[in-house]
Amino acid sequence: PDGSYTVRTCGWSPPGDHPVGCGMKLTIKDGRLIKVEGDPEHPITQGRLCIRCLTLPEYVHHPQRIIYPMKRVGKRGEDKWQRISWDEAMDTIVEKINYYKENHGAESIIVFGGTGREACLYYYPLGFASIGTPNVCYPQSGWSCYGPRCAITDYILGAGYPEIDFAGHFPDRYEHSEWKVPEYIMLWGKEPLKSNPDGFFGHSIIDMMKRGSKIIMVDPRINWLCTRAEHVLQLRPGSDTALAMGLLHVIINEELYDKEFVENWCYGFEEFKERVQEYPPEKVAEITWVPKEKIIEVARVFAKAKPASLGWGLAVDQNPNGVQLGHALLALVALTGNIDVPGGITIGPPAALMGKWRMETRTNLPEELWEKRIGAKQWPAVSTALATTHPDETLDTLETGKPYKLRMGWFNSSNFISPTNSAQPDRWYRALQSLEFCVVQDLFMTPTAMAFADIFLPLPTFAEHDGVVLTHYGRNAIFAGAMNKALEVGECKSDIEVCIELGKRLYPEIWPWNSAAEFFSDQLKPELGFDFDELREKGLYQPGYTYKKYENGLLRFDGEPGFNTVTGKVELYSTLFEAWGDDPLPYHEEPPYSPYSTPDLAKEYPLVLTTGARYYTSFHSEHRQVPTLRAITPDPLVEINPDTAEELGIKEGDWVIIENMFGKARFKAQVTPTINPKVVHAAHGWWFPEKDAEEPNLFGVWESNINTLMPHKHIGKLGFGDTFKSIICRVRKAED
Ligand SMILES: Nc1nc2c(c(=O)[nH]1)N[C@H]1C(S)=C(S)[C@@H](COP(=O)(O)OP(=O)(O)OC[C@H]3O[C@@H](n4cnc5c(=O)[nH]c(N)nc54)[C@H](O)[C@@H]3O)O[C@H]1N2
Ligand SMILES: Nc1nc2c(c(=O)[nH]1)N[C@H]1C(S)=C(S)[C@@H](COP(=O)(O)OP(=O)(O)OC[C@H]3O[C@@H](n4cnc5c(=O)[nH]c(N)nc54)[C@H](O)[C@@H]3O)O[C@H]1N2
Ligand SMILES: [Mo]
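Just so it is clear, the structure is predicted and the values come from calculations on it, not from any experiment.

(A) Geometry of the packing of helix 19 (residues 391–400) against helix 20 (residues 425–432). Close contact between helix 19 and helix 20 brings their axes to 8 Å; oriented N to C, the two are set at 45 degrees. One finds that helix 19 runs oblique with respect to helix 20. In terms of crossing hand, the pair formed by helix 19 and helix 20 is left-handed. Between helix 19 and helix 20, the residues in contact are Pro391, Thr394, Leu395, Asp396, Leu398 and Glu399 and Arg427, Trp428, Ala431 and Leu432, respectively.

Structural data, given as structure tokens:
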């Protein structure tokens, strides 16, 4: 009667909501979103929502949101823009793409994409099939988010992303007859309550704790979950691989491992057993700062728990020694018999849900063009699993013009000179100046867009377009959810709509669809038997789960039992790492800058810095302009132990400078005993939408930019990892 209506939907992006597709009900009145509520009927989130979705109305109707296409009319870095039509935007873009292709080759165009958003499904096709370039770049040094974990899983298990079994695949969830409550859940460098990463709804941890699960935390900070955990291993940032090998030392030498699983399904146990002998608990205690007794105790309880599960987080990726860590952690779950069993970890079958289409778009590129992908030959362990360029090589290419000059940039979902996706953002910023023409898609004017956009294309929020939420991007599809368009704001177009529209102009044979809904129906129907409208009706679809797939040939394309690896088994000894010139067995290597690897430098920079642990109030650099969220987290915070703070003359709320050999940044001190006296933690993703937009200020992007302290190309032997979670620094009180 009051003209309002309510739409059920699954959220993805924006606002940043990792692909867990939180279920909600959106109420619209007079063309405005007026209310967001959790949807109690959504089987995963069951009515729970976090504050970024609850404040969605502030985001959707924000006065600073950009809702029409624009072109730059001033110089780069000047805040001078003119509204244009989509036709003019597309005509200009198509003309430029054709110009660069004809004069410099399609490889002179590069697409940059960020993370954890719907965009992740579409920036590859945008590059490969709408534009026609082999260069799609995820610009974090060492590709250090999720990609490493997926690649390690491909190489060691031959399967899609390993996830804590939280009964998410089943409509009846925790009541499902086959599912078991994990006796222990180990969270390694992961804070899922805040991060809800990729396919995992963080509050499922609480659900499982209520059903009896006990928690083991491996984290240098005492976070909320640590205070409720049975065991906490408060390690030195970056020493993780030594710790994992120490646990395995105990489990193997005390014969607590699953002998039958090792016998039948693991490759290289004897060599692995020999390697763990190098990591006795007393030595590991020295390396990691975790007491020896704690290591032994946790190894025993984890190995004896049946079932036990493990969630590995970003700390695995943001570490040049992270491939070895990931390898050791997969060995830990394999040796304890927890792979692909109820209440253990679930793994995806070899073919991704809806993945065929994404893979096929690559075949649009002729082989000789694909060969030109930046960094692919130098870093085969990266380029075999991930269809992108190598990020660090991409910066080198921008700086040197070798092997060829990049001329056009498309920033699809990366605000990466703000301290998000790049190490040395100041260096990227200078290098990117060499791009002659840039397109930016976003919802707000960001530092990156202000610095580079020649054309700005406005994006809708998930409330404003149709889409499909796909957990783990289909590589362990816990469910597929329908994103339902509830309202329209301005003239925004979603990622897939832009792919289709541009694709129709440049490669019409690949892009036959006339709407996003039509496109989704064509992807869903052949695989799942229903179309997008039916998914809308259902709200979401859970495919169910088959345990012990390795026994039934469900993990291999050839239908044989075993794992989809070179040896057909879980590779405790990696034949691929060996072929690529790395050690086939896990080993600990010190972070490139640490109290032990660079003791002299550490005298000057005595603290270990870890960064970027998530906040409820932001998704990377998003949300800084949302009033309610900013009121909760108004400033960039650095956590310092009270003893350290006292020694440095720093009090709660003081502004401080964090600095090291590479750069410095300004933060507000949060004095807290939850962090080790020798460690500090700084937030990432800070810029200030309220500050001067124009160059050189760019919304204050250089003030609290923690990534200026991160060096370029400190990647492991296989090309993965960075120092975002472990580098040395010092902290002093700021003068002003
Ligand atoms: N120091 C430090 N730095 C870090 C991290 C850390 O832990 N420490 N974490 C790193 C990690 S893991 C990651 S993944 C990166 C993330 O880095 P990015 O993904 O580059 O994150 P943002 O800076 O938020 O940039 C994303 C931009 O995409 C826009 N966007 C939002 N939704 C959509 C959408 O649906 N489509 C499109 N096309 N665009 C959208 C946002 O408004 C935003 O401006 O940051 C990394 N940076
Ligand atoms: N609200 C919100 N949610 C997000 C994001 C966001 O920006 N905001 N970003 C999304 C993205 S792209 C990602 S990748 C995920 C990441 O989410 P997670 O994988 O949960 O990672 P983080 O929150 O970076 O850090 C998790 C924990 O690792 C600890 N840690 C720090 N250094 C180390 C170390 O060296 N070793 C170990 N073992 N632990 C360490 C931190 O103290 C922290 O408690 O979050 C996603 N979800
Ligand atoms: Mo990430």
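Next comes the rest of the account.
(B) Focus on the sheet that holds strand 27 (residues 727–733). Strand order in the closed barrel formed by 6 strands is 22-26-23-25-24-27, and the pairing between neighbours is mixed. Taken over all neighbouring pairs, the strand axes of this sheet differ in orientation by 45 degrees on average, direction set aside. Here strand 22 (residues 607–611) pairs with strand 27 via 3 bridges, running antiparallel. Paired with Leu609 across the two strands is Ile727, which belongs to strand 27.

(C) Region of the structure containing the site of ligand 2. The environment of ligand 2 is formed by 31 residues, the closest being Ser195, Asp219, Asp240, Ser618 and His620. Gly238 places a main-chain nitrogen or oxygen 2.9 Å from an oxygen atom of ligand 2. A distance of 3.1 Å separates a nitrogen atom of ligand 2 from a polar side-chain atom of Arg614. For ligand 2, the accessible surface in isolation is 920 Å², of which the surrounding protein chains cover 99%. Put simply, ligand 2 lies in the largest cavity. Going through the elements one at a time, helix 6 (192–195) and helix 14 (314–317) are the ones with two or more residues in the shell around ligand 2.

(D) How the structure looks around the site of ligand 1. Taken together, 35 residues sit near ligand 1, with Asn412, Thr420, Asp442, Asp495 and Asn707 positioned nearest. Between ligand 1 and Asn415 there is a distance of 3.0 Å, counted from an oxygen atom to a backbone nitrogen or oxygen. Thr611 places a side-chain nitrogen or oxygen 2.9 Å from a nitrogen atom of ligand 1. Its free accessible area being 910 Å², ligand 1 has 99% of it covered by the protein chains. The cavity that encloses ligand 1 is the second largest cavity. The class makeup of the residues in the shell around ligand 1 is 10 nonpolar, 19 polar and 6 charged.

(E) Up close: empty space enclosed by the protein. Applying the stated criterion across every chain yields a total of 6 cavities of 30 Å³ or more. In this structure, the largest cavity spans a volume of roughly 610 Å³. Along its surface, the largest cavity is lined by 40 residues, and Leu314, Gly612, Ala613, Arg614 and Lys725 are the ones closest to its centre. Those elements giving two or more residues to the lining of the largest cavity turn out to be helix 6 and helix 14. For the lining of the largest cavity, a count of residues per class yields 14 nonpolar, 14 polar and 12 charged.

(F) Structural view of the packing of aromatic side chains. Using the criterion set out here, one finds 42 aromatic pairs in the structure. Linked through ring pairs, Phe112, Phe411, Phe416, Trp428, Tyr429, Phe452 and Trp702 together constitute an aromatic cluster. Directly above the aromatic system of Phe530 lies the positively charged group of Lys538, at a separation of 4.5 Å from the ring centroid. Over the aromatic face of Trp686 sits the side chain of Arg624, whose NZ or CZ is 3.8 Å from the ring centroid.

(G) Structural context of the sheet that holds strand 13 (residues 308–312). Read from one edge to the other, the open sheet built from 4 strands follows the order 11-10-9-13, with strand pairing classed as parallel. Of all strands in the sheet, those bounded by a partner on one side alone are strand 11 (231–233) and strand 13. Taking the axes of each pair of neighbouring strands and ignoring which way they run, one obtains an average angle of 15 degrees across the sheet. The pairing of strand 10 (residues 214–218) with strand 11 spans 3 bridges and is parallel. In the strand pairing of strand 11, Val218 is matched with Leu233. Each of strand 9 (184–188) and strand 13 is contacted by helix 15 (residues 322–335), which is oriented at about 165 degrees to strand 13, the strand it contacts most.

Rules used in this analysis
- Each residue is numbered by its place in its chain's sequence as written, counting from 1.
- Starting at A for chains and at 1 for ligands, labels are handed out in the order in which the entities are written.
- Totals for whole chains, interfaces and linings use all residues, but because this is a predicted model, local features are given only for residues with pLDDT of at least 70 and pairs of side-chain atoms are given and counted only at 80 or more.
- Water and hydrogen atoms were dropped before computing side-chain values, which therefore reflect all heavy atoms in the structure.
- Note on geometry: axes are lines fitted to C-alpha atoms, helical ones only across the stretch in contact, with angles between N-to-C directions running from 0 to 180 degrees.
- Here a helix means four or more residues in a row that DSSP labels H or I, a strand means two or more in a row labelled E, and each is numbered from the N terminus.
- Geometric relationships in this document are graded by angle, where less than 35 degrees denotes roughly parallel, more than 145 denotes roughly antiparallel, 65 to 115 denotes roughly perpendicular, and other angles denote oblique.
- Crossing handedness: left-handed means the near helix sits turned counterclockwise from the far one by under a right angle, and right-handed means the same turn made clockwise.
- Contacts are assigned to residue pairs with any non-hydrogen atoms lying within 4.5 Å of each other.
- Should DSSP find at least two bridges between two strands, the strands are taken to pair.
- Whether a residue is near a molecule or strand depends on its heavy atoms: if one lies within 4 Å, it is near.
- Here a polar contact is taken to be a pair of N or O atoms separated by no more than 3.5 Å, where protein atoms must pair a possible hydrogen donor with a possible acceptor and residues adjacent in sequence count only if both atoms sit in side chains.
- Accessible areas in this description were obtained via Shrake-Rupley with a 1.4 Å probe; residue shielding takes into account the shown protein chains only.
- Using a grid of 1 Å spacing that covers the protein atoms alone, one calls a set of points a cavity when a 1.4 Å probe fits there but cannot get out, and a pocket when the set is open and has protein on both sides within 12 Å along at least five of seven lines; lining residues are those with an atom within 4 Å of a point.
- For this analysis, a molecule is said to be in a pocket or cavity if more than half of its atoms are within 2 Å of the grid points defining it.
- All amino acids are sorted into three groups, where Ala, Val, Leu, Ile, Met, Phe, Trp, Tyr, Cys and Pro are nonpolar, Asp, Glu, Lys and Arg are charged, and the leftover types, Gly among them, are polar.
- Grid points are joined across faces, edges and corners, and a volume is the space filled by probe spheres set on the points.
- Each pair of aromatic rings taken from Phe, Tyr and Trp, with Trp reduced to its six-membered ring, is defined by centres within 6.5 Å and is described as stacked if the planes are under 30 degrees apart, edge-to-face if over 60, and tilted in the remaining cases.
- Criterion for a charge above a ring: Lys NZ or Arg CZ within 6 Å of the ring centre, and within 35 degrees of the ring normal.

It is worth stressing that arrangement in space is one thing and function is another; only the former is reported here.
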